[in-house]
Amino acid sequence: MSDFGIGVGMYFKTIRFFGCVTFLAGLLSVPTMLYYQSPDYSPSDEFNIVNSLSAVCTTTKFQPCPTCSEESWSEGRILFGMDGDMKFILVNDCKLDNIFGVYSLVTMIFVIISVYVFVYLQRRYRIYLDEGEQTTSDYSIQIRNPPNTESAKDPDTWKAYFEDRFENLHVSVCTIA
């Protein structure tokens, strides 16, 4: 992939990495999804394929709520008793098991650690791709603060300087900016 440039190689490496991470996070979430589908969570007789593996609670009931005000709740969530003073509020009646939180926490920690691992691996992969791609910057020398003489502006002078100072060195092109 480095033949197409560093960005393209890193893009496909990123897609592959996060594809694997989301697949594994999905596998870690299977016990939670199965719990949501079980009658232990929502003993309702209604079955909806979209809601069956999610945390949507379809089992509700009305409970007394003497301190509730009508303004605090949407229509259909609060009822009044026969005398008008007693109020009832519609609440979800699904039971969350303690293991639900453990599975969700493990999945979240896995994803967070995966992001940090990705950042580390991406830095290493960027260096690997850059070393595999040869550019002019790999062979260029920039001289800062050259002497302020007329000969410092002559490319032949710099060519001779480098070829005399270093063994097995051949200067092909020398430009003065």
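What you are looking at is a predicted structure, and each value in this text was computed from that prediction instead of being measured.

Engineer: Hey, could you run me through the overall build of the chain in this one?
Structural biologist: Counting secondary structure elements, the chain contains four helices and three strands. Of the regular secondary structure in the chain, the N- to C-terminal order runs α-α-β-β-β-α-α. For the chain, with 177 residues in total, the buried portion stands at 18%. Here the contacts in the chain between residues at least 6 apart in sequence split such that 50% fall between residues at least 24 apart. Split by element, the accessible area of the chain, about 13900 Å² in all, is 59% carbon and sulfur.

Engineer: Is there a simple way to explain unusual backbone geometry in this structure?
Structural biologist: For residues that are not glycine, phi is negative in most cases, and the peptide bond is trans in most cases. Positive phi is not limited to glycine here, since N168 has a value of about 50 degrees. For N168, the position within the fold is in the segment after α4 (155-165). Overall, the relative accessible area of 82% leaves N168 in the exposed class.

Engineer: What should I look at first to understand the packing of aromatic side chains in this one?
Structural biologist: Aromatic rings considered in pairs are described by the distance between their centres and by the relative angle of their planes. For the structure on display, the rule yields eight aromatic pairs. Between the aromatic rings of F17 and F118, the centroid separation amounts to 5.3 Å while the plane-to-plane angle is 35 degrees, which identifies the pairing as tilted. Separated by 101 residues along the polypeptide, F17 in helix α1 (residues 6-37) and F118 in helix α3 (residues 98-132) bring together distant segments of the chain. Here F118 falls in the buried class, since its relative accessible area comes to 12%. Here F162 and F166 contribute two aromatic rings whose centre-to-centre distance is 6.3 Å and whose plane-to-plane angle is 20 degrees, an arrangement assigned as stacked. A residue is classified by how much of its surface remains accessible, and F166, at 45% relative accessible area, is partly exposed. Every member of this aromatic cluster is reached through a ring pair, and the members are W158, Y161, F162 and F166.

Engineer: Help me understand the environment of W158 in this model?
Structural biologist: Mapped onto the elements, W158 comes out in helix α4. Judged by relative accessible area, which is 13%, W158 ranks as buried. Expressed as a C-alpha distance, the spacing of W158 and I176, which sit 18 residues apart in the sequence, is 9.3 Å. Apart from the residues lying within four places of it in its own chain, the contact partners of W158 are I143, P146, P147, A152, C174 and I176. Within the structure, the side chain of W158 is placed 2.7 Å from the backbone oxygen of A152, a separation counted as a polar contact.

Engineer: Just checking my understanding: could you explain the environment of A55 for this structure?
Structural biologist: Mapped onto the secondary structure, A55 falls in the loop between α2 (49-52) and β1 (60-64). According to the relative accessible area criterion, A55 is partly exposed, its value standing at 43%. When the C-alpha positions of A55 and S42 are compared, they lie 9.4 Å apart, and in sequence the two are 13 residues distant. Among all residues touching A55, those that are not within four sequence positions of it are Y36 and Y41.

Engineer: So what exactly am I meant to see when it comes to the pattern of salt bridges here?
Structural biologist: For side chains of opposite charge, pairing can occur when their charged atoms come near one another. Tallied over the entire structure, the rule returns one salt bridge. Residue K159 is joined to E163 by a salt bridge in which the shortest nitrogen-to-oxygen separation is 2.9 Å. Taken together, the residues K159 and E163, both in helix α4 and four residues apart, mark about one turn of the helix.

Engineer: Hey, could you run me through α1 in this one?
Structural biologist: Turn by turn, an α-helix covers 3.6 residues, leaving residues three or four places apart pointing in a common direction. Compared with the 46 Å implied by 1.5 Å per residue over 32 residues, the 45 Å span of α1 between its first and last C-alpha is a close match. Of all the bends in α1, the greatest reaches close to 40 degrees and is centred on S29; the proline P31 follows between one and four positions later. Residues of α1 that are buried: G9, M10, V21, A25, T32, Y35 and Y36.

Quick notes on the rules
- Residues numbered from 1 in each chain as written.
- Predicted model: local features only at pLDDT ≥ 70, side-chain atom pairs only at ≥ 80, totals over all residues.
- Heavy atoms only, no water.
- Helix = DSSP H or I, 4+ residues; strand = E, 2+ residues; numbered from the N terminus.
- Buried < 20%, exposed > 50% of the residue type's maximum accessible area, 1.4 Å probe, protein only.
- Contact = heavy atoms within 4.5 Å.
- Areas by Shrake-Rupley, 256 points an atom, 1.4 Å probe, with all protein chains shown as cover.
- Phe/Tyr/Trp six-rings, centres within 6.5 Å; stacked < 30°, edge-to-face > 60°.
- Polar contact = N/O pair within 3.5 Å; in protein donor to acceptor, adjacent residues only side chain to side chain.
- Salt bridge = Lys/Arg side-chain N within 4 Å of Asp/Glu carboxyl O.
- Expected span 1.5 Å × (residues − 1).
- Bend = angle between axes of the 7 residues up to and from the residue.

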